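# Close look at the chain arrangement
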Amino acid sequence: MAEVVRRLRVRRGWSRPRGGSRTSNTASRPWLAAVPPVALLAVLFLYPLALVVQQSLQPDTGGTSFQPYADVFASDAFREALWTTVWLAAGSTVGCLVLGFVLALVIAFVPFPGARAVARFIDVFLSFPTFLITLALLFVYGTVGMANGLWTDLTGAADGPFQFLTTPWGVLLAEITYFTPFVVRPLLAAFSQLDTAQLEAAGSLGARPVRIVRRVILPEALPALAAGGSLVLVLCLNEFGIVLFTGAKGVTTLPMLVHSKAILESDYPGACVVAVVNVLISVGLYGLYRVVSRRARA
Amino acid sequence: MIGGIRFDSVTVAYDGNVVLDALDLTVEPGEVMALLGPSGSGKTTALRAVAGFVRPASGRVFLGGQDVTDLPPYRRGIGMVVQQYALFPHMRVEENVAFGLKAQRGRTKVPKAEIRTRVAEALEMTGMAAYARRYPRELSGGQQQRVAIARALAIRPGVLLLDEPLSALDARLRSDMLAELARLHRELPDVSILYVTHDQVEALTLADRIAVMDRARLQACGTPRELYRAPANEFTASFVGNANLLPVTVGSGGGVVFGGGEIEVGTAGVAPGAKATLCVRPHLVGLGDGPNRLSGTVTEIQWRGSTHRLYVEVDGRRVIADLRELKAPPAHGDEVTLHFSPDDATLLAAGVGHG
Ligand SMILES: Nc1ncnc2c1ncn2[C@@H]1O[C@H](COP(=O)(O)OP(=O)(O)OP(=O)(O)O)[C@@H](O)[C@H]1O
Ligand SMILES: [Mg+2]
């Protein structure tokens, strides 16, 4: 960004030679280059965030106090949502890492026709909106979906056996399905850097495939796993569309709670408190990831 | 494990494209065999067939008398070192060397204490004991090379496969490592070594026998001396050492005709009147009068320190002579006479040299 600004400035100074003195003026104060990006950030991101924080400190009764925080933290609904959010996100992340690692291994190292097409498809998949995959799951496993329809047609029963989609497990399944490609993508990039001569050397030294995966491939994939995993974790913490579209009534995550407090209960301070907590968890986890990854590299 | 490799008519094809054509070759236990040939001749492919990374389209591969064609690589017990070393970057040197020992399972499982002694032993043997705690990225190319060799030797393989192991090193280090490999082989007299290279000096220095490959086929196989003194064909003659190859016609009275003149050379087994190729090594050609004279014009002269290399045009053919440094070398365009001893020339089947 600073580079672009500098170049722009140089070009302007060039077309108007008399502006020379001003150019040297700004050059002596390099922090001026930081103004545009910071201003942009402030307008687009920091200002709304500040508004949210401000609102969270202004209870409906008037004045400024931490009362909304005390109220929200004391409510069972919040504690339950917090717990649901964290375990769903953590579970989805673990699921995505395991499934993504296996998928990436197969795509990268098991020669099968169409491996490239699958890799290409994963790129496209990343651009799908979250509700699309949820809809697809609804069509397959929903109460009136294909799987249940087939079952009721065959057995004549009133209900099909697949009723899990409206439970937390349905949300977990949908999140894993949707977010796994976010892990596969960086893994495929990491695997393409891997020297196949290393795998062959390991093989000729007597290592079976499982050992090669554990001792040679996995250590090389750790940075990619950490990157993909932390991305998925943060995305899952903040996921809204999937939870909404599965129609799981009992599953209330923090973003859902924000939605219901703000839209359904018109409790704006409460909604803002939950939002602030959600942001803090995301930022905190990101910070933790930075520390851990730096430690791992050192 | 007992050494020895046998290729029994091994053919390898990629998408119907034959890159190794019915190779028959035996490496005895304890023998160093060099696979020598130009780029793309199928040397690496032959090696990979032994290691189990390519499946022959036909033919069998034997290790220590056992047919291993259908065994996966991890059950072949082979030591392998490739050009780019392929060390595991996230493991220390000692962990790299221990990798193969830890991977052994079942009957051949190695106890922890023995792993430690054998790692130390392998590092000692390659002179890398002082670097055990380093990571590969903290080593020079030559040191990484030694670690790769130590890693391959730690599992005590009966067969060691080396694929151009020195090509990433500079000339000086290469000749040091060559001596090192020769020493290693003296310390491990039972290990068969298959050494792929396109450098004839490496092959001549290290190998008990050399197998010369060209365009997917084995062209010749023999001791360095045999291949050098009596090459089987033109390709071998020109690839193992330098060679003057002259098109000749076999005369009636024992000897051959080149251009206008008679040349005395053993012609056993060749019918008079047949076309053949005469092979003479440049360093066996002398300047001045003698038996088997060749007269021509000097087209180029190069001073190479200890020798002079003369390019002489004789009857439209270029003859090269490597001469001990001359006090008064001839000049460009001078008429000179070259000679060589009948014993130093070999008659080969006629090939591309005939125009
Ligand atoms: N995986 C592959 N797929 C298709 N063709 C291949 C493959 N590997 C090698 N070849 C072809 O097989 C032929 C022999 O290759 P090989 O690697 O054995 O040559 P080489 O003698 O080792 O050459 P170099 O000295 O350059 O290493 C080459 O023409 C090469 O293009
Ligand atoms: Mg090769």
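Residue numbers here run from 1 along each chain, matching the order of that chain's written sequence. Chains carry letters from A onward and ligands carry numbers from 1 onward, assigned in written order. Owing to the predicted nature of the model, reporting of local features is limited to residues with pLDDT of at least 70; listing and counting of side-chain atom pairs is limited to 80 or more, with chain, interface and lining totals taken over all residues. Side-chain metrics rest on all non-hydrogen atoms present in the structure, leaving aside hydrogens and water.

### Observations concerning the overall build of chain B
Applied cut-off: Think of it this way: any DSSP run of H or I at least four residues long counts as a helix, any run of E at least two long counts as a strand, and we number them from the N terminus. Burial classes: relative accessible area under 20% of the type maximum marks a residue as buried, over 50% as exposed, and values in between as partly exposed (1.4 Å probe, protein chains only). In what follows, residue pairs with any heavy atoms lying within 4.5 Å of each other are defined as contacts. Only the protein chains shown count as cover for residues, with accessible areas throughout obtained via the Shrake-Rupley method and a probe of 1.4 Å. Under this rule, positive means Lys or Arg and negative means Asp or Glu; His and the chain ends count for nothing. A charged residue contributes its charge at one atom only: NZ of Lys, CZ of Arg, CG of Asp or CD of Glu.
Counting its regular elements, chain B contains 8 helices and 20 strands. Relative to its 355 residues, chain B shows a buried fraction of 50%. Across chain B, every contact between residues at least 6 apart in sequence was considered, and the portion connecting residues at least 24 apart equals 68%. Taken as a whole, chain B presents about 16400 Å² of accessible surface, with 48% of it coming from carbon and sulfur. Computing the positive centroid from 39 side-chain charges and the negative centroid from 39, chain B places the two 10 Å apart.

### Comments concerning the interface of chain B and chain A
For the record, the criterion: What gets called buried area is simply the loss in accessible area from a 1.4 Å probe that two parts show on being joined, summed for both. Should a side-chain nitrogen of Lys or Arg be within 4 Å of a carboxyl oxygen of Asp or Glu, the pair is scored as a salt bridge. Polar contact is defined as a pair of N or O atoms within 3.5 Å, subject to the rule that within protein one atom must be able to donate a hydrogen and the other to accept it, and that residues adjacent in sequence are counted only when both atoms are side-chain atoms.
Counting from both sides, the interface comprises 23 residues of chain B and, opposite them, 18 residues of chain A. Summed over both partners, the interface of chain B with chain A comes to about 1800 Å²; 62% of that surface belongs to carbon and sulfur atoms. Counting the contacts that link chain B with chain A gives 1 salt bridge. Measuring nitrogen to oxygen at the nearest pair gives 2.7 Å for the salt bridge that ties A:Glu200 to B:Arg48. Our count for the chain B to chain A interface comes out at 6 residue pairs in polar contact (both at pLDDT 80 or more). Looking at the side of chain B that touches chain A, the elements with two or more residues in it are strand E6 (78-81), helix H2 (93-103) and helix H4 (141-154) of chain B. It is H2(B) that provides the largest number of residues to the side of chain B that touches chain A, a total of 4 residues.

### Quick look at the packing of H4(B) against helix H5 (residues 171-187) of chain B
All names here are of chain B. As a reminder of what qualifies: Only the stretch in contact is used when fitting a helix axis, every axis being a line fitted to C-alpha atoms; angles between N-to-C directions are given from 0 to 180 degrees. Throughout this description, any angle smaller than 35 degrees is read as roughly parallel, any larger than 145 degrees as roughly antiparallel, any in the 65 to 115 degree range as roughly perpendicular, and the remainder as oblique. Left-handed describes a crossing in which the near helix is turned anticlockwise from the far one by less than a right angle; the clockwise case is right-handed. For this scheme, ten residues count as nonpolar: Ala, Val, Leu, Ile, Met, Phe, Trp, Tyr, Cys and Pro. Four count as charged, namely Asp, Glu, Lys and Arg, and the remainder, Gly too, count as polar.
With their axes 11 Å apart at the nearest point, H4 and H5 run at an angle of 20 degrees to one another. Compared by their axis directions, H4 and H5 come out roughly parallel. Seen from above, H4 lies across H5 with right-handed handedness. Touching Gly-142, Gln-145, Arg-146, Ile-149 and Leu-153 of H4 are Leu-173, Met-177, Glu-180, Leu-181 and Leu-184, all from H5. Residue classes in the contact of H4 with H5 are distributed as 6 nonpolar, 2 polar and 2 charged.

### Considering the UniProt feature "transmembrane region" (unreviewed entry) in chain A
All names here are of chain A. Counted only if it meets this: UniProt positions are given in the numbering used here, feature names are shortened, and annotations may be inferred rather than shown by experiment.
Within this structure's numbering, the places UniProt gives as "transmembrane region" (unreviewed entry) are residues 31-50, 86-112, 124-144, 164-184, 221-248 and 268-289. Span residues 86-112 is 89% helix and 0% strand, its end C-alpha atoms 38 Å apart. Across residues 221-248 one finds 82% helix and 0% strand; the C-alpha atoms that close the span lie 35 Å apart.

### Some thoughts on the UniProt feature "domain: ABC transporter" (unreviewed entry) in chain B
Mapped onto the present numbering, the UniProt feature "domain: ABC transporter" (unreviewed entry) falls at residues 5-240 of chain B. As annotated, residues 5-240 of chain B has a helix share of 36% and a strand share of 26%, and its two end C-alpha atoms lie 23 Å apart.

### Observations concerning unusual backbone geometry
Residues and elements named next belong to chain B. Here the phi dihedral of Ala-22 falls at roughly 45 degrees; this positive angle occurs in a residue that is not glycine. Relative to the elements of secondary structure, Ala-22 occurs in strand E2 (residues 17-27). The phi dihedral of Asn-292 is positive, around 50 degrees, even though this residue is not glycine. You can see Asn-292 is positioned in the loop between strand E15 (286-287) and strand E16 (293-303).

### Points about the sheet that holds strand E18 (residues 317-324) of chain B
Residue and element names in this part refer to chain B. Quick note on the threshold: Two strands are counted as paired when DSSP detects at least two bridges linking them.
Spatially, 5 strands are ordered E15-E19-E16-E17-E18 in an open sheet, and the strand pairing comes out antiparallel. One side of each edge strand has no neighbouring strand; the edge strands of this open sheet are E15 and E18. Bridge count between E16 and strand E17 (residues 307-314): 6 bridges; the pairing is antiparallel. Across the sheet, residue Glu-300 finds its bridge partner in E17, namely Tyr-311.

### Some thoughts on the domain arrangement of chain B
Residue and element names in this part refer to chain B. We apply this condition: Throughout, the edges of the domains are those of an automatic or database domain assignment.
On domain assignment, one finds that chain B holds domain 1 (5-234) and domain 2 (242-349). Summarising the inter-unit geometry, the C-alpha centres of domain 1 and domain 2 are found 39 Å apart. The partner domain 2 presents 11 residues to the 8 residues of domain 1 that form the contact. When residues of domain 1 are sorted by the area they lose upon contact with domain 2, Tyr-228, Arg-229 and Glu-234 head the list and together hold 69% of the total. Our count for the domain 1 to domain 2 interface comes out at 1 salt bridge. Residue Arg-229 pairs with Asp-344 through a salt bridge whose shortest N-O separation is 3.5 Å. Connecting domain 1 to domain 2 are 3 residue pairs in polar contact (both at pLDDT 80 or more). It is helix H7 (residues 224-229) that contributes the most residues to the side of domain 1 that touches domain 2, 3 residues altogether. Here the side of domain 1 that touches domain 2 is built from residues that sort into 5 nonpolar, 1 polar and 2 charged.

### Concerning the site of ligand 1
All names here are of chain B. Basically, it comes down to this: Nearness is judged by heavy atoms alone; a residue qualifies as near a molecule or strand once a single heavy atom is within 4 Å of it.
Close to ligand 1 lie Tyr-14, Val-19, Pro-38, Ser-39, Gly-40, Ser-41, Gly-42, Lys-43, Thr-44, Thr-45, Glu-164 and His-198. Within the side chain of Ser-39, one N or O atom sits 2.4 Å away from an oxygen atom of ligand 1. Residue Lys-43 places a side-chain N or O atom 2.8 Å away from an oxygen atom belonging to ligand 1. Protein coverage of the free-state accessible area of ligand 1, which is 630 Å², stands at 58%. It is helix H1 (residues 43-51) that provides the largest number of residues to the shell around ligand 1, a total of 3 residues.

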